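# Overview (structure and organization)
Residues per chain are reported as follows:
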Amino acid sequence: MDAKLSPDQGLSFSGIGIASCLAIGLGGGALILDSMSNRLPWQGMSLTLPLLLSALSTAAVGFWAIPLLQALKTGQIIREDGPQAHLKKAGTPTMGGIFFIPVAVILACVLSNFATEVLAVSALTLSYGFIGWLDDWQILRRKSNKGISPRTKLALQIGFAAVFCLWLMFNQPTGITNIALPLLGVSIPLGFLFWPLAGFALVAESNATNLTDGIDGLAGGTVAIALLALGAVVAPTSLGLMIFCAALSGACLGFLAHNRNPARVFMGDTGSLALGGALAAVALLTNSLVMLFILSGIFFIETLSVMAQVTYYKATKGPDGKGKRLFKMAPLHHHLELTGWSELQVVTVFYIIAAILATISMAIA
């Protein structure tokens, strides 16, 4: 796509149009996947019902929650060194994860009849959402972009990951410490090494989705696609976690009713950290780390862009203490904005890539 293409030239973009196409695509995809697996879409043990019920519930709750967030003065603090077009977003309510994450968790628990694995993943999701809430709250309280310290955030992420891994250790499914390689049809036995990898996956995935949350509708839509695909992948081994993934995917869709461009609310770290933790927790419980890596391609690239930017800057630092930048700005979506892409173009292309990765993962599985 031509980076200089304006939203008004050639292709017509609109936030509500892109979000509507995504909703139709995921709803239709859920119906097709249920049909292929002989599941009735109007029953709880399906992808379709949890997806639609969660989407509608979240969208409805948003009409009550957003005015409340405005009344609590949770307006977003915008980085002055970020894209100048984002400065007009200052004051938009943030911390939106505080309403759409609980809606998904409650529906998933009820529809799965409070299955043990769903309760465990829900607890991890809410725990990471709590870390995000602490960060968001500190940012709002200090009226700056600095929330809790990176060291404190990382310590909390590792701590909750350790608790989840400890639970998993004593309630582990058979062969969980073996990493399945679907394309080769083999598993690699890791033994004790699996547990540091599990903790790393939880922390890394949550931070990767957090980095992707920087443009209206970007994180919500890409994670919704990844969650529905992961739900389809884990369905043969865990219907409960399939329901959880579908419900959380639906909540992301419902949130997009308010978060699509121009956004009326941002998810904040409260939502983005929780979503990443949920993806990793489901993958760990179902031995789907390889599938998660494929589905998280966008989040991985976004994270790499930040790491590359920091590394290159430090490596080229001169006597004046200043270095060169590899990208105009990191993460990658901001670099694309500063090279001439509109927010809607970035979101559209990222959604398409996420859909391709989802198709590949389901084909492999």
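These numbers come from a predicted model, not from an experiment.

All told, the structure shown has zero disulfides when counted by the stated rule. The cysteine cysteine 21 is free of any disulfide, with cysteine 252 supplying the nearest cysteine sulfur at 18 Å. Looking at cysteine 21, the relative accessible area reads 56%, which means it is exposed. The structure places no disulfide on cysteine 252, whose sulfur is separated from the nearest cysteine sulfur, that of cysteine 245, by 11 Å. The exposure class of cysteine 252 is buried, given its relative accessible area of 0%.

This brings us to unusual backbone geometry. Across the junction of asparagine 261 and proline 262, the peptide omega takes the value -5°, indicating a cis bond. Its location among the elements puts proline 262 in the loop between helix 8 (239-259) and helix 9 (268-285). That bond from alanine 330 to proline 331 is cis: its omega, 5°, falls within 30 degrees of zero. Relative to the helices and strands, proline 331 is located in the loop between helix 11 (297-315) and helix 12 (332-338). Unusually for a residue other than glycine, lysine 73 sits at a positive phi of about 60°. Tracing the chain through its elements places lysine 73 in the loop between helix 2 (48-71) and helix 3 (97-111). By relative accessible area, lysine 73 is classed as exposed at 72%. Phi at methionine 95 takes a positive value of approximately 70°, unusual for a residue other than glycine. Here methionine 95 shows up in the loop between helix 2 and helix 3.

Rules behind the numbers
- Residues numbered from 1 in each chain as written.
- Predicted model: local features only at pLDDT ≥ 70, side-chain atom pairs only at ≥ 80, totals over all residues.
- Heavy atoms only, no water.
- Disulfide = S-S within 2.5 Å.
- Buried < 20%, exposed > 50% of the residue type's maximum accessible area, 1.4 Å probe, protein only.
- Helix = DSSP H or I, 4+ residues; strand = E, 2+ residues; numbered from the N terminus.

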